[in-house]
Amino acid sequence: MKITRDLYQGSLALLTDFYQLTMAYAYWKSGKSEQEAVFNLFFRKNPFQSGFTIAAGLDYVIDYCRNFKFDENDLAYLSEMRKEDGEPTFDPAFIQYLKELDFCCDIDAVEEGSVIFPNTPMIRVKGPLLQCQLLETPMLNIMNFQTLVATKAARITLEAKGDPVLEFGLRRAQGIDGALAASRASYIGGCSSTSNVMAGKLFGIPVSGTHAHSWIMAFESEMAAFEAYADAFPDNCIFLVDTYDTIKGVQNAIRMGELLKEKGKKLLGIRIDSGDLAYYSNVAREMLDEAGFPDAKVVASNDLDEHILSSLKLQEAAIDIWGIGTKLVTAYDQPALGAVYKMAALKDHDGKWVPKVKVSQQSIKINIPGYHNVKRFYKNGKAVSDMIYLENTDLSAQELTIIDPYDPTKRKKISPDQLESKDMLVPIFVKGEKVYTRPLLADIRQKTLSNLEKFDKAHKRLINPHIYPVGLEESLYHLRTNLVLQAKNFN
Ligand SMILES: Nc1ncnc2c1ncn2[C@@H]1O[C@H](COP(=O)(O)OP(=O)(O)OP(=O)(O)O)[C@@H](O)[C@H]1O
Ligand SMILES: O=P(O)(O)OC[C@H]1O[C@H](OP(=O)(O)OP(=O)(O)O)[C@H](O)[C@@H]1O
Ligand SMILES: O=C(O)c1cccnc1
């Protein structure tokens, strides 16, 4: 465990792509390191063909920024780097610059648990070019994965329609850090608990679990195994019934339930981990009800995801609690969110902000320029559209037009005075000082659930969800179009 312990206790400044450091060096050498810039972190497409995405990871980003410092070990490593000609890669004066580097960016971000959409900024960074640049890789690393898994978890928990979803992913997760981050993100997305005890300790997520087939196999009979388990945990008996024969397993669980009752204890439930889960859950339910255990819960697991869960609901499976591991924590079947971090504006030598676009053959890859924010409009408590707008725009008009960034024929008129609205980006750091109070993880989870309720179910269905309207405020749309035309030498 030394590697992970060191990774977390030491500086994380070198957890970056080498090119960020070579650019930082070149910015420094060319006198551009302090030039002010604005960058945005955003994604281009909802994952899993979802109609929405759930933001997660900001708390890690806050930690990263608060500890944004190159320590002696990092600097020693960088000092030892050599170019092909044997000369040091980095000038000692640059190493000294890094040593004295003091994080001083302004960071605004959408809060964790927010429902978000493509092309809208999740994080906006304003500050010295060199610092903005160095934040790219770690921020993307953090936000891409946690947002992806939180979205998967939200899709699953929405289909569970209020039934508890237990996250069982540790054994199949992408390594140690991936597992911890996935447990955190799964909880943000709506899971009730994790099986990962370390995630419980580190993040305060409720920890829960049943027992494995090996427990049953360690005894001469299933009944003996149930008895021994009940002896150790009389108040926490959920028996795994499918090791040998699911029906006989349920019969044994019922016998154990009767013995527990005699001792004034209660059978909490059974777990089924194989076979036709709709069929066996209904058979088990009937048996439990007939035997006088209507409160005993049926837990199901075995390669579940939102699609199988939804199908099992349609089949009226009698499942009360869902245990989901592999497909949740590995974000099956989309392994990356694909969020990017792009420069949106740069201050020139006269102190004037210059909006920036990166032109691409693929229009989806043309970013949105300028220092912008996102306003969400609500009608009767329901979110109706998001508008990306330049911060200095006068929005007092009776009617605003928002335009789809990739299809200008798609437009929507908004009457702001008839709607409630809120800005999605909130201040996190001002000149390097944290101004944001980090919510408790359990409160973030609640926020996810209540945020999702503000969206029409059409945006939340699994198949062909209705696309939520997100557009550019008209003047931003024109600014972007003109910049692209200029870059392509059309005007
Ligand atoms: N009624 C059902 N409708 C749709 N999918 C189901 C149903 N019952 C089970 N499943 C899913 O079908 C898949 C069955 O996989 P598989 O055949 O590997 O399991 P199994 O043979 O029953 O159990 P195991 O191999 O773990 O002993 C799982 O993903 C499971 O969640
Ligand atoms: O299926 P998941 O969603 O990942 O949920 C976690 C799985 O982990 C356990 O199985 P185990 O590791 O014993 O392997 P198994 O696939 O043979 O059941 C458990 O019994 C679940 O089936
Ligand atoms: O507690 C459980 O039942 C459990 C935990 C991890 C993986 N599978 C099941």
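Residues numbered from 1 in each chain as written. Chains lettered and ligands numbered in written order. Predicted model: local features only at pLDDT ≥ 70, side-chain atom pairs only at ≥ 80, totals over all residues. Heavy atoms only, no water.

The protein goes by Nicotinate phosphoribosyltransferase in an unreviewed UniProt entry, where it is assigned to Echinicola pacifica. Heading Sequence similarities (unreviewed entry) of the UniProt record for the protein holds this comment: "Belongs to the NAPRTase family." Per UniProt, the comment on the protein under Pathway (unreviewed entry) is "Cofactor biosynthesis; NAD(+) biosynthesis; nicotinate D-ribonucleotide from nicotinate: step 1/1." (UniProt positions renumbered as here; feature names shortened; annotations may be inferred.)

Q: Hey, could you run me through the site of ligand 1 in this one?
A: Around ligand 1, the neighbouring residues are Asp273, Ser274, Gly275, Asp276, Leu277, Ala278, Asn302, Asp303, Leu304, Ile308, Leu312 and Gln315. Within the contact set of ligand 1, a nitrogen atom lies 2.9 Å away from a side-chain nitrogen or oxygen of Asp276. Contact between ligand 1 and Gln315: a nitrogen atom at 2.9 Å from a side-chain N or O atom of the residue. Taking 630 Å² as the accessible area of ligand 1 by itself, protein coverage stands at 55%. The set of elements that each furnish at least two residues to the shell around ligand 1 consists of helix H12 (277-290) and helix H13 (306-314). Looking at the shell around ligand 1 residue by residue, the class counts come to five nonpolar, four polar and three charged. (Near = heavy atom within 4 Å. Polar contact = N/O pair within 3.5 Å; in protein donor to acceptor, adjacent residues only side chain to side chain. Areas by Shrake-Rupley, 256 points an atom, 1.4 Å probe, with all protein chains shown as cover. Helix = DSSP H or I, 4+ residues; strand = E, 2+ residues; numbered from the N terminus. Nonpolar A, V, L, I, M, F, W, Y, C, P; charged D, E, K, R; others polar.)

Q: Explain the state of the cysteines to me, please; I cannot follow it from the model alone.
A: Working definition: the covalent bond between the sulfur atoms of two cysteines is a disulfide. Here the structure, examined in full by the defined rule, presents zero disulfides. Cysteine Cys132 shares no disulfide, and the gap to the nearest cysteine sulfur, in Cys105, comes to 4.6 Å. Among the residues examined, Cys132 registers a relative accessible area of 0% and is labelled buried. (Disulfide = S-S within 2.5 Å. Buried < 20%, exposed > 50% of the residue type's maximum accessible area, 1.4 Å probe, protein only.)

Q: Please clarify how the UniProt feature "domain: Nicotinate/nicotinamide phosphoribosyltransferase" (unreviewed entry) in the protein should be interpreted in this entry.
A: The positions UniProt marks with the feature "domain: Nicotinate/nicotinamide phosphoribosyltransferase" (unreviewed entry) are residues 167-348. Annotated as 45% helix and 16% strand, the span residues 167-348 places its first and last C-alpha atoms 50 Å apart.

Q: Sorry, what's going on with the pairing of strand E16 (residues 400-403) here?
A: Regular strands have side chains that alternate between both faces of the sheet. What you see with E16 is no split at all: Leu400 and Ile402 on one side and Thr401 and Ile403 on the other are buried throughout. The pairing of E16 with strand E17 (residues 411-414) spans four bridges and is antiparallel. In the strand pairing of E17, Ile402 is matched with Lys412. The pairing of E16 with strand E21 (residues 470-473) spans two bridges and is classified as antiparallel. (Pairing = 2+ DSSP bridges.)

Q: Got a minute to help me understand the sheet that holds strand E13 (residues 353-355) in this structure?
A: The strand order across the open sheet formed by seven strands is E13-E12-E1-E5-E3-E19-E20, and the pairing between neighbours is antiparallel. Among the strands making up the open sheet, the edge pair consists of E13 and strand E20 (433-434). Across two bridges, the pairing between strand E19 (residues 426-430) and E20 is antiparallel. Paired with Val430 across the two strands is Glu433, which belongs to E20.

Q: When you look at the site of ligand 3 in this model, what are you seeing that I'm missing?
A: Surrounding ligand 3, one finds Phe168, Arg171, Ser195, Gly209, Thr210 and Arg271. Between an oxygen atom of ligand 3 and a side-chain N or O atom of Thr210, the distance comes to 2.4 Å. In this structure, an oxygen atom belonging to ligand 3 sits 3.3 Å away from a side-chain N or O atom of Arg271. The fraction of the free accessible surface of ligand 3 (260 Å²) that becomes covered by protein chains is 82%. Among the residues making up the shell around ligand 3, the classes are represented as one nonpolar, three polar and two charged.

Q: Looking at this structure, how should I read unusual backbone geometry?
A: Trans peptide bonds make up most of the peptide bonds, and negative phi angles are found at most residues other than glycine. With an omega of -5 degrees, the peptide bond running from Tyr332 to Asp333 counts as cis. Along the chain, the position of Asp333 falls in the loop between helix H14 (326-329) and strand E12 (340-347). At Asn302, a residue that is not glycine, the phi angle is positive and equals roughly 125 degrees. Inspection of the secondary structure puts Asn302 in the loop between strand E10 (297-300) and H13. Positive phi, normally seen in glycine, also occurs at Asp303, with a value near 55 degrees.

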